[in-house]
Amino acid sequence: MTPTEIAELSEDDARALFRRYRFAENGGEPSCNRCGCPAAWTYQDGKLYKCKQCLRQFTLTTNTPFAYRKLPFKTILLILAQFNVAYQGRSALEIKRDLRAKVKNYKTIFVWLHKIRCAMQAFERRTILREEIEIDGKELKGYIRPKNVRNEKDHYRFPYGAPDRTFHVTLARQRGGPARAWIAKQEHHPIPPFIDVVDPNAVVFADGGPWGQIRDHCALKRVIHDHHFYTPEACTNWAESGFRVLEGMRLIYRRILGNCLDLYTAQLTWRLSHTGVGPDDAFAALLGTMMTPGRSPMAGYFLKKKAGGSKRRCKIINEDGAPIEWSSPSAEERRRERKEAKRASGEIETPRVADARSAKRWRDGFEFVSAGEFMDDPKRMPLSPGVYGLFLRNGERLFNLAGYFPDPELPAWDYGVWRNGYVGEGYSLRERVTAHLLGSIGGSPFRQSVFAIHWVAGTGELGDLKSRSASEAALSEWLRREVVIGYKVCGYHKTVEKEMLKRTAAPLNIRDRDPSPFGRLLSSLRQRFREAVVAAWEPPPPTSRPRQRR
């Protein structure tokens, strides 16, 4: 049936059509798929049945890929008809545009089309090849964005391929009959499963590839394409035409390489097996195949794993001829492989934001310089953006004076006898560190915290704290003796700083982190210091010349 004919049906007519195909073996009458009893009671609403032998209740979709459906029968039949109307298939987006009044979510169409392909795959696994069979392989390369090289204008003529995502599709097609396909890293890997589905009396036609092992099972005739396109004895045109359909499918669908490549090859073999069938018979065969007992492997595809869903893996053939499951490598796995290759070749690695998110590598790349060396020559630190940390000599003593208690989830970051107390970031490392070591209390939260701790503990190391200029100078001299700076030039410095605050204690950091008891205590201490001490100081000198009216 065509989509137009199904669109003219009512929901009751669509249910009746579905029932006729669902119970085709029993003449359209309901039968139990558990015990096989052909007799069942029908409830008054006509939607529920009860077996007369095992007394089990069931519906039209029980134990089928349609189980737990949420779409009406008419919409489901429309999806099947839309998928069946095109020989090379139709994409989920195209079908969604045609059914936008009935299905508004792309994911719904995506899952239903893959359920259809899963049923095609189950049909393919029951296929036996006989008589004259042609076998050939085709390489499908994973996509890599071409390099933007100005001098090499013809780089599109030489496409880049991803070795970890490159596969060979081995297609075996019976002349005038069904077809089978396998996916492997090399086209000759599926020879053992191919032998298992081929009649020993069949004749196999192949090209000059590594197909010699087939001779031990059945007759093999070959054509060497380096010399002839075909010969009177052998040709592989049927298999080559199948690959032409596969190329058309790659133009229709967004991406067939990946975890669902085996489903797209199952769609290919289904189309090749039903080449000489009319549209009505093809729709009937498709709907009958969808009635295969069992729940679809694509059920719950978009659910989270804790809710019962799981991402599928592509079924491929390994070098031993055994079926295995494969999933495309993640971006992190590909990045790790590239990094290992660069390291083996001696190429310099570029710092990445992902290193800051690593529990083991976030400290890598830091350079250390004492505060005295920096104050004497600020040019030792670049003007580039990055992150920095201020380390205090025996900083644990200073933190304990303020009532700090360590958090077991945030370990301390030590550099020899220096302990990290503050972490920051800036577009210019030199200017930001200068504000902490040589600036004023108004432009540095770090200086405020150190002032407040010395004031409340009464250490006397910063003088009597009665004059702004004398106190600021005393603090700068104290920082010269007690501080070491660690800095790292990097991009995305705000993100890197947030990751650093998740990895280390940095007690003097209050902003950009979750509230803590010590953070509230330090904030209150700084407020008391500003009210009791800073308020009595002379006003700070102007940082810039005031604007004058002309």
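Each remark here, short or long, concerns the structure printed above.
On a predicted model such as this, the values are computed, not experimentally measured, just so you know. (Residues numbered from 1 in each chain as written. Predicted model: local features only at pLDDT ≥ 70, side-chain atom pairs only at ≥ 80, totals over all residues. Heavy atoms only, no water.)

Draft legend 1. A look at the nonpolar core. Of all hydrophobic cores here, the largest spans 68 residues; its most connected members are Phe66, Leu77 and Leu80. By residue number, the principal contributor to this core is helix H5 (residues 106-125), which donates nine residues. Ignoring sequence-local partners within four residues, the contact set of leucine 80 consists of Phe66, Ile116, Phe283, Leu286, Leu287 and Met290. In terms of nonpolar packing, the next biggest core, distinct from the first, is built from 39 residues, Tyr388, Leu462, Ile485 and Val533 among them. (Core = buried A, V, L, I, M, F, W, Y, C linked by side-chain atoms within 4.5 Å. Buried < 20%, exposed > 50% of the residue type's maximum accessible area, 1.4 Å probe, protein only. Helix = DSSP H or I, 4+ residues; strand = E, 2+ residues; numbered from the N terminus. Contact = heavy atoms within 4.5 Å.)

Draft legend 2. Looking closely at the pattern of salt bridges. Considering all chains together, one arrives at 17 salt bridges under this definition. Through salt bridges with shared partners, a single ionic network connects Arg90, Glu94 and Asp98. (Salt bridge = Lys/Arg side-chain N within 4 Å of Asp/Glu carboxyl O.)

Draft legend 3. Region of interest: the packing of helix H3 (residues 73-85) against helix H9 (residues 279-290). The geometry of H3 relative to H9 is characterised by a closest axis approach of 10 Å and an angle of 125° between their N-to-C directions. Between H3 and H9, the crossing angle belongs to the class labelled oblique. The handedness of the crossing between H3 and H9 is right-handed. Along the contact surface, H3 presents Leu77, Leu80, Ala81, Phe83 and Asn84, while H9 presents Pro279, Ala282, Phe283, Leu286, Leu287 and Met290. Taken together, the residues that form the contact of H3 with H9 break down as ten nonpolar, one polar and no charged. (Axes fitted to C-alpha atoms, helices over the stretch in contact; angles between N-to-C directions. Parallel < 35°, antiparallel > 145°, perpendicular 65-115°, else oblique. Left-handed = near helix turned anticlockwise from the far one by under 90°. Nonpolar A, V, L, I, M, F, W, Y, C, P; charged D, E, K, R; others polar.)

Draft legend 4. Expanded view of unusual backbone geometry. Residue glutamate 131 is not a glycine yet carries a positive backbone phi of 60°. Since its relative accessible area comes to 57%, glutamate 131 is described here as exposed. Non-glycine residue alanine 506 carries a positive phi angle of around 45°.

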